[in-house]
Amino acid sequence: MTAEDKYTTETITEIRTWTPKLFSFRTTRYRGYRFIPGQFARLGVRKQTPEGEKIVWRAYSIVSADYDEYLEFYSIVVPGGEFTSTLADLKVGDEILVDKTNYGMLTTDRFVEGRDLWLLSTGTGLAPFISILHDVSTWEQYENIVLVHGVRHRDELAYAELIEAFKEHEYFGEFAHKLRYVQVVTREEVPGALSGRIPQLLENGELERSTGIRIDPDRARIMICGNPEMVDDTRKFFVDNGYTLSRRGKPGHLAVENLW
Ligand code: NAP
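Remember, it's a predicted structure, so these values are computed and weren't measured experimentally.

K.L.:
Just to check I follow, could you spell out the site of the ligand for this structure?
P.N.:
As a matter of local geometry, the ligand sits amid 18 residues, with R152, T186, R187, R197 and N227 nearest to it. Note that an oxygen atom of the ligand is positioned 3.3 Å from one of the side-chain N or O atoms of K21. With respect to the ligand, the side chain of R152 contributes an N or O atom lying 2.9 Å from an oxygen atom. The fraction of the free accessible surface of the ligand (890 Å²) that becomes covered by protein chains is 81%. Broken down by secondary-structure element, the contributors of at least two residues to the shell around the ligand are β8 (144–151) and α8 (228–240). A total of three residues in the shell around the ligand trace back to one element, the largest contributor, which is α8. Residue classes in the shell around the ligand are distributed as six nonpolar, six polar and six charged.

Right, here's the structure in full:
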């Protein structure tokens, strides 16, 4: 297989800046590119080095729906980061490479028989859950969907408007009563938002209290994505309480993805 067979060259069509460090962007999408909501893509940028041009690749969760004609991604600028600092300089019209293979196991088909879907994220770990929420089968399958987004500061609550807009959405509006959207802000006080790290909010029962939903292994299916330490600590909380990780051919309660 040649390199050209492995990836396609796409064009950046839109960039949205949330904060000086956080931005989302859209690209064109190769007609044959397929993915399951919750999966990630591998993106490549060309970089000039003293030894010549090289391509740097990174995994990025896909924000957009599987039926959208574009791909959307949500990114943070890592200071001095080889990939994100190059990415942050890209403009509308610039090219970006997309590996033709999709990756990742953070998909709802890892679960069977759940009734409450808990989507626990911090920072840019929100991305795959936006894609999952645009999949109508998620809404049909579960009685309750709890989306938790933890950030340091209020202005990092990206996609809040879009999430709130599910209530009025042409297709999803009829299911909107199923969704609880929980904002968690840890480094400033924000009315209506919880304060404290996600494992703590699980431990002290605040997440259950604020949503009115008990976390029960017979009903709960849990996806975790974001800061690797948050993912580890949250997974540990559940495993210690008798929940199991979903494995290939052996569905459990938990599906997790480290972001970096
Ligand atoms: P962050 O440190 O990941 O914090 C986001 C939220 O997660 C905050 O509410 C934070 O709470 C909480 N949190 C942090 N550690 C936790 C833990 N062990 N358990 C539970 N909750 C935890 O902040 P960020 O701004 O999204 O990312 C921070 C840095 O990570 C970036 O500046 C970047 O350098 C790096 N990063 C790298 C990549 C990459 O792809 N390489 C991607 C994303 C981020 P507290 O306020 O209490 O800490």
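K.L.:
Even after reading the chapter, I still don't get the nonpolar core, so can you show me in this structure?
P.N.:
In globular proteins that are soluble, nonpolar side chains generally tend to be buried together. Grouped together as the largest cluster of nonpolar side chains are 29 residues, with contacts concentrated most on L147 and M223. Mapped by element, the contributors of at least two residues to this core are β7 (116–122), α3 (127–133), β8, α5 (160–164), β9 (179–185) and β10 (220–226). Here this core gets five residues from one element, more than from any other, and that element is α3. When residues no more than four places from it in sequence are discounted, the contact partners of L147 are L119, L126, F129, L133, I163, L179, R180, Y181 and V182. L202, A220, I222 and F237 belong to the second largest nonpolar core, which has 22 residues in total.

Cut-offs used in this document
- Residues numbered from 1 in each chain as written.
- Predicted model: local features only at pLDDT ≥ 70, side-chain atom pairs only at ≥ 80, totals over all residues.
- Heavy atoms only, no water.
- Near = heavy atom within 4 Å.
- Polar contact = N/O pair within 3.5 Å; in protein donor to acceptor, adjacent residues only side chain to side chain.
- Areas by Shrake-Rupley, 256 points an atom, 1.4 Å probe, with all protein chains shown as cover.
- Helix = DSSP H or I, 4+ residues; strand = E, 2+ residues; numbered from the N terminus.
- Nonpolar A, V, L, I, M, F, W, Y, C, P; charged D, E, K, R; others polar.
- Core = buried A, V, L, I, M, F, W, Y, C linked by side-chain atoms within 4.5 Å.
- Buried < 20%, exposed > 50% of the residue type's maximum accessible area, 1.4 Å probe, protein only.
- Contact = heavy atoms within 4.5 Å.

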